[in-house]
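Examining the three-dimensional arrangement
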Amino acid sequence: MKKVFFVLLVLMSLEAKNYEIKMLDMDENGESMVFDPGYLHIEVGDSVTFLPTHKSHYVQSKVIPEGASHFLSELDEEATFTFDNEGIYIYVCPPHQMMSMIGIIQVGNAVNIQKVREMIPKLEGRAMTNKGRLSEYAKQIKE
């Protein structure tokens, strides 16, 4: 039994993918304080590496599925997180949250969509610029 479990773990790890999200002061479209991509759909077991391409950025989870762990990176440091719980994760760059530097990672199915719908107005209400960015990303969620 232990051998079968080990083989399954190895096979799952071989299929897992790593994605990158850049933390940008400005993207190629002239959007300021943005994650690129702002919306990402991955599978359970995949990981995401956040890349601070400019100084003064880091990432912190704000909304996570039940049973998942919150994540937080260090200022100006690359950070990789593995997503083992299905659902939608909303994250921000804390120093630039008022500029709507926010993003969404969907892992598998949108099991916590109701919680996300409740939190979007609250998170967008804190933005002073780039209003509506989170709502635009949320339109890409696959239910």
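Only a predicted model underlies this, so the values are computations on that prediction, with no experimental measurement involved. (Residues numbered from 1 in each chain as written. Predicted model: local features only at pLDDT ≥ 70, side-chain atom pairs only at ≥ 80, totals over all residues. Heavy atoms only, no water.)

Next up on the list: the overall build of the protein chain. Regarding its fold elements, the protein chain presents 3 helices and 8 strands. Each helix (α) and strand (β) of the protein chain, taken in turn from the N terminus, gives the series α-β-β-β-β-β-β-β-β-α-α. Here the C-alpha atoms of the protein chain give a radius of gyration of 16 Å, agreeing with the 15 Å that 2.2 N^0.38 yields for 143 residues. Its C-alpha atoms give the protein chain principal-axis dimensions of roughly 55 × 35 × 25 Å. The burial tally for the protein chain puts 42% of its 143 residues in the buried class. (Helix = DSSP H or I, 4+ residues; strand = E, 2+ residues; numbered from the N terminus. Rg over C-alpha atoms; globule rule 2.2 N^0.38 Å. Buried < 20%, exposed > 50% of the residue type's maximum accessible area, 1.4 Å probe, protein only.)

This model, assessed by the stated rule, comprises 3 salt bridges. The closest approach of N and O atoms between Glu 143 and Arg 117, which form a salt bridge, is 2.6 Å. Of this pair, Glu 143 sits in the segment after α3 (133-138) while Arg 117 sits in helix α2 (residues 113-125), and the two are 26 residues apart along the sequence. Taking the relative accessible area as the measure of exposure, Glu 143 reaches 69% and is therefore exposed. Ionic pairing is found between Lys 139 and Glu 136, a salt bridge with its closest N-O pair at 2.9 Å. Exposure remark for Lys 139: the relative accessible area of 63% places this residue in the exposed category. (Salt bridge = Lys/Arg side-chain N within 4 Å of Asp/Glu carboxyl O.)

This next bit is on the sheet that holds strand β2 (residues 32-36). Spatial strand order, β2-β1-β4-β6: 4 strands in an open sheet with mixed pairing. Edge strands, defined here as strands with exactly one partner in the open sheet, are β2 and β6 (79-82). Neighbouring strand axes in the sheet, compared pairwise and without regard to direction, differ in orientation by 15° on average. As defined by bridge partners, strand β1 (residues 18-26) adjoins β2 across 4 bridges and the pair is classed as antiparallel. In the strand pairing of β2, Met 26 is matched with Ser 32. (Pairing = 2+ DSSP bridges. Axes fitted to C-alpha atoms, helices over the stretch in contact; angles between N-to-C directions.)

The next subject is the packing of aromatic side chains. For the structure shown, the criterion picks out 9 aromatic pairs. Between Phe 71 and Phe 81, the ring centres sit 4.9 Å apart and the planes meet at 35°, which makes this aromatic pair tilted. With Phe 71 in the loop between β5 (60-63) and β6 and Phe 81 in strand β6, this pair connects stretches of sequence that are 10 residues apart. Here Phe 71 matches Phe 81 in class, with each residue buried. The interplanar angle of 80° and the centroid separation of 4.8 Å between the aromatic rings of Phe 83 and Tyr 89 together place this pair among those described as edge-to-face. Tyr 89 matches Phe 83 in its accessibility class, with the two residues each being buried. Three or more aromatic residues joined by ring pairs make a cluster, and in this case those are Phe 35, Phe 50, Phe 71, Phe 81, Phe 83, Tyr 89 and Tyr 91. (Phe/Tyr/Trp six-rings, centres within 6.5 Å; stacked < 30°, edge-to-face > 60°.)

Another aspect to go through is the side chain of His 96. Among the structural elements, His 96 can be located in the loop between β7 (87-92) and β8 (102-107). Once residues within four sequence positions are removed from consideration, His 96 is found in contact with Met 33, Ser 56, His 57 and Met 101. (Contact = heavy atoms within 4.5 Å.)

Purely geometric numbers; function is a separate question.
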